[in-house]
Amino acid sequence: MFLSVWPWKYAKVAGCLDAWPLRPSREGMRRALNPVVWLPTLLAAAAGVFAPDAGALTCDGGRPTDAAGSQGVSYGSAKVSFYDSASGLARVHYALSGPHAPPAASTIEAGVPDAVVVAAKAADDALAKYAELSYVAPLSDGNSPCASNGDSDAVDIYLTDFAAADGQAAFDHCEAGSPKRCAGFVLVENDFRGGGYADVAEGMRTVVPHELFHLVQDAYDADVERWWAEGSAQWAAKQVYPELKDLERFLPAYFKSPWRPLNVPPNGVITDFLYATAIWPVFLQQRFDTSIVREVYDGFGQADGVFASTDVVLKAHGSSLAKEFLQFAAYNATTAGRGADAAGYPEGASYPAVPLKGLTPGADPLVSDIDSGLGAYYYSLQPDAPLRVELDADPERVAALAIPLIDGKLDLSAAQSLPATIDGESTVVVAGQSLLRTDAPFTLRGVTPIGGTAGAKGDSGPGSSGCSIRRGARENAANSGAALGFVVILLGRCRARQRSRKGREPWV
């Protein structure tokens, strides 16, 4: 699928490695610090800054129709044709012979390969949907400084034969200023043989909307974070053709390791994880509406990073990134048929399941772990008697809730923020609350409530202060005045803790 690997902007590939700049050598560093070496370069750069044509556009990449090709792809000496979409907003270029030529079958429009017609229709559908959702349009290449701009102002799509990809977005040219805004074009696989699609039509309808959304992104900020670029492009393509299942195809890459922050993909072959982050915009849409994702894009330039922009948007809606990430983690606990029919995602039953770690009710502590960033952890707990579960962690870094099983299904409407009394089988969800990447340790502890009965929504029972002590301490208090004094002191501390919790919002 689509992977941003220099010098490619985006590529939809089966797997690819990150390419990182080489570390400078000692000799390189010595030369860099030598003014004889760097001063002429600095003066030349300064002269360029003040030159009259400093704002002139420069060409950022060639096209397959150019002699040098684009990203290693060239039509060579093959004759080339093009086909304009019905709206005129997109133009599909294709070779008439050679390896890049699409299948010759022509059953939709006489003389035009079906793959070309379907690609043009998918482009029209995608651009119309993105306009309907009020996204800015891809920047025009009408003023392109390159040798070729596709001979029109339309968005250009080039059908090519990829060795290990099925789509790619590339720059034509970029405007001066910040954020970086670029016009571009896309390359799309010509036949999708062996690509996991039922046929060429499904491939085109899957890849073309995704790639075109990258051009939409580049009209906002061409340096958008990779996880959001791919995840939101998967989400956007789903808005165009909701019946297609490419988004669901990649979700296991996130659900199998929900402890990994969405914005910190693994090293190495990371393709699947990038596309799996589509589950975050899916959640945002479910919690608010479709426009929430566009609002995040509209906020670019007003906040530093995707999550910072998201937090600003969510606060304008009366929530926050921290609150919604805990909700997101809870939603993900209810997939794969674990949740009640009305819980979580409408299509959640078809999504993969997060891993659950079983907890032993009598263990002390129940579990200890370390979070870093916006990660989520899931625990299954089935106490024999009501058990009060408390979270020991920095509340600015970690939060938790318990979702009870009712009639064998997790019921989000009955979820309780910790501390809470759990009476029956439940899933305990622990989620990060901060973008900080330093260690944030947390511990879950279980305490048997006084009287052994569960109260409502985090209470230890009717009239309870919300704090309990261990059964052993209560029994000793009945036998010893000294122990009674200890209990009084302990209850005083509990009341102080209860006051500190006053005003904490319940999980809703």
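Above this note sits the structure.
One structure accompanies this document, and this report is about it.

**Focus on the overall build of the protein**
Argument step 1. Scanning the protein from terminus to terminus reveals 14 helices and 16 strands.
Argument step 2. Here the protein holds 508 residues, and the buried ones make up 50% of them.
Argument step 3. Sequence separation of 24 or more characterises 68% of the internal contacts of the protein that already satisfy a separation of 6 or more.
Argument step 4. A total of about 23,300 Å² of accessible surface is found on the protein, and carbon and sulfur atoms cover 55% of it.

**Points about the side chain of R91**
Argument step 1. With respect to the helices and strands, the residue R91 is situated in strand β3 (residues 90-95).
Argument step 2. Looking at R91, its side chain comes within polar contact range of the main-chain oxygen of G150, at 3.1 Å.
Argument step 3. What R91 contacts, discounting residues up to four positions off in sequence, is F82, Y83, D84, G150, D151, S152, A154, V155, D156 and I157.

**Quick look at the packing of aromatic side chains**
Argument step 1. Considering all chains together, one arrives at 25 aromatic pairs under this definition.
Argument step 2. A centroid spacing of 5.6 Å and a plane angle of 65° characterise the contact between W227 and W228, whose relative ring orientation is edge-to-face.
Argument step 3. For W227, a relative accessible area of 3% puts it in the buried group.
Argument step 4. Among the residues examined, W228 registers a relative accessible area of 0% and is labelled buried.
Argument step 5. Look at Y254 and F273: their rings are 6.2 Å apart centre to centre, the planes differ by 55°, and that puts the pair in the tilted class. Taken as a pair, Y254 in helix α7 (residues 252-255) and F273 in helix α8 (residues 271-276) lie far apart in primary sequence, 19 residues in all.

**Observations concerning the packing of helix α3 (residues 114-132) against helix α4 (residues 200-220)**
Helix-helix packing is characterised by the crossing angle of the two axes and by the distance between the axes.
Argument step 1. Relative orientation of the contacting elements α3 and α4 amounts to 40°, with a least axis distance of 8 Å. Considered as vectors, α3 and α4 are oriented oblique to each other. Between α3 and α4 lies a crossing whose hand is right-handed. Across the interface between the two elements, A115, V118, A119, A122, A123, A126, L127 and Y130 from α3 touch V200, A201, M204, R205, V208, P209, H210, L212, F213 and V216 from α4.

**Here we look at the pairing of strand β15 (residues 426-432)**
Argument step 1. Taking burial as the measure, the seven residues of β15 include seven buried ones, the bulk of the element.
Argument step 2. Every second residue of β15 is oriented toward a common face, with S426, V428, V430 and G432 on one face and T427, V429 and A431 on the other, all of them buried.
Argument step 3. Pairing analysis gives seven bridges linking strand β11 (residues 398-406) to β15, with the strands arranged antiparallel. In the sheet register, P404 faces β15, and the bridge partner there is S426.

Calculation criteria
The written sequence of each chain sets the order in which its residues are numbered from 1. With the structure being a predicted model, the display of local features is reserved for residues of pLDDT at least 70 and the display and counting of side-chain atom pairs for 80 or more, all residues being used for whole-chain, interface and lining totals. Side-chain figures throughout are based on the complete set of non-hydrogen atoms in the structure, without hydrogens or water. Strands here are runs of E lasting at least two residues and helices are runs of H or I lasting at least four, both read from the DSSP assignment and numbered beginning at the N terminus. Relative accessible area decides the class of each residue, using a 1.4 Å probe on protein chains only: under 20% of the type maximum gives buried, over 50% gives exposed, and in between gives partly exposed. Throughout, a residue-residue contact means that at least one pair of heavy atoms, one from each residue, lies within 4.5 Å. Per-residue accessibility takes into account occlusion by the displayed protein chains alone, with areas from the Shrake-Rupley method and a 1.4 Å probe. Two N or O atoms form a polar contact when they lie within 3.5 Å of each other; inside protein one atom must be a possible hydrogen donor and the other a possible acceptor, and for residues adjacent in sequence the pair counts only when both atoms belong to side chains. Planes of paired rings set the category: under 30 degrees apart is stacked, over 60 is edge-to-face and the rest tilted, where pairs are Phe, Tyr or Trp rings (Trp by its six-membered ring) whose centres lie within 6.5 Å. Axis definition: a line fitted to C-alpha atoms, over the contacting stretch in the case of helices. Angles run 0 to 180 degrees between N-to-C directions. Here is the rule for angles: anything less than 35 degrees is roughly parallel, anything more than 145 is roughly antiparallel, 65 through 115 is roughly perpendicular, and the remaining ranges are oblique. Crossings are assigned a handedness: left-handed for a near helix turned anticlockwise from the far helix by less than a right angle, right-handed for a clockwise turn. Pairing between strands is defined by DSSP: at least two bridges between the two strands are required.

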